[in-house]
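Residue-level listing of the chains:
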Protein chains: 2
Amino acid sequence: MNQKDSTRYETRAKVLKALAHPTRLFIVDELSKGERCVCELTEMVRADISTVSKHLAVLKNAHVVSDEKRGNQVFYTLRIHCAPEFFRCVEHLLEEGSRETNPCTSQG
Amino acid sequence: MNQKDSTRYETRAKVLKALAHPTRLFIVDELSKGERCVCELTEMVRADISTVSKHLAVLKNAHVVSDEKRGNQVFYTLRIHCAPEFFRCVEHLLEEGSRETNPCTSQG
DNA sequence: ATTCTATTTGGCTAGTTAGCCAAATAATGA
DNA sequence: TCATTATTTGGCTAACTAGCCAAATAGAAT
């Protein structure tokens, strides 16, 4: 594993780490339906707004979402559109339980 | 967000958390080429074998890999075949930098 | 049974993260 | 300007994770 590869894996890890939290996954799911402001998301996750804001900062920092301020609200948009597809695959895998093969293969 | 949803996001998070480490991502990449034993992986990542073993345990626990003992070696196999595809998408996203759209969209 | 090789597990420390509250910042409107 | 609403940031503690070493476990070969 050379330097270039290390960097690649660290970069990937950063994105996955950002995604690897239930609340943030909920946010990603919600944003896959369209942009939402912080207050909308806060109401949905029922946590302190500062907590939600920090979760959004983590996602933004990992380039998973982007933000746009309009008036005194900040709207967040999902950037990583392949996420829902991947989650579907992950869930499929888990449902299959202990099977050896799964139909979620995407290698030619 | 109801109980069922919470569980769903926790389940997803578990898998993503398992993936969210440079060394484990390297392992996943390597296993995408075929099964490997612990000693092979250990040599490649140049870390203590106990560390590698623990990383593999994390991946196994999240159903990302499965293991099979043959002789006195343990061979690990990748189960989550959609991972490489997803990583490709993630990297694409990061290369695009700050663009609004990216071609990695997989929603019809 | 003993030794060798491969792997896992326990235990420890240092570093990271989550989530709350309080305070700061920013836009809006009176 | 001052108050109101929306959001971010700082600070703190509790919980979790990585990675090393040492010890335990397991199969193979002598």
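Here the structure is a predicted model, which is why all the values come from computation and not from measurement.

A closer look at the relation of the copies chain A and chain B
Next up, step 1: The transformation that overlays chain A on chain B combines an axial shift of 0.0 Å with a rotation of 180°, and the residual RMSD is 0.0 Å. Both copies are brought into coincidence by an operation consistent with a two-fold rotation axis.
Next up, step 2: A symmetric contact is evident, with 98% of the interface residues of chain A recurring at the interface of chain B.

Side note on the protein's contact with DNA strand C
Next up, step 1: Taken together, 22 residues lie around DNA strand C, and H55(A), C39(B), S53(B), K54(B) and Y76(B) are the ones closest in.
Next up, step 2: The share of sugar and phosphate among atoms of DNA strand C within 4 Å of the protein is 66%.
Next up, step 3: Within the contact set of DNA strand C, a phosphate oxygen lies 3.2 Å away from a side-chain nitrogen or oxygen of T51(A).
Next up, step 4: Separating a phosphate oxygen of DNA strand C from a side-chain N or O atom of S53(B) is a distance of 2.6 Å.
Next up, step 5: Its residues assigned to classes, the surface near DNA strand C shows 6 nonpolar, 10 polar and 6 charged.

Description of the interface of chain A and chain B
Next up, step 1: Contact with chain A, which involves 45 residues of that partner, is made by 45 residues of chain B.
Next up, step 2: Both faces considered, chain A and chain B share a buried interface measuring about 4,300 Å² in area, 64% of it formed by carbon and sulfur atoms.
Next up, step 3: The interface formed by chain A and chain B holds 4 salt bridges in total.
Next up, step 4: Note that E91(A) is salt-bridged to R12(B), the shortest N-O span being 2.4 Å.
Next up, step 5: Inspection of the chain A/chain B interface yields 6 residue pairs in polar contact (both at pLDDT 80 or more).

What counts as what
- Residues numbered from 1 in each chain as written.
- Chains lettered and ligands numbered in written order.
- Predicted model: local features only at pLDDT ≥ 70, side-chain atom pairs only at ≥ 80, totals over all residues.
- Heavy atoms only, no water.
- Least-squares fit on C-alpha atoms with pLDDT ≥ 70 in both.
- Contact = heavy atoms within 4.5 Å.
- Near = heavy atom within 4 Å.
- Polar contact = N/O pair within 3.5 Å; in protein donor to acceptor, adjacent residues only side chain to side chain.
- Nonpolar A, V, L, I, M, F, W, Y, C, P; charged D, E, K, R; others polar.
- Buried area = accessible area lost by both parts, 1.4 Å probe.
- Salt bridge = Lys/Arg side-chain N within 4 Å of Asp/Glu carboxyl O.

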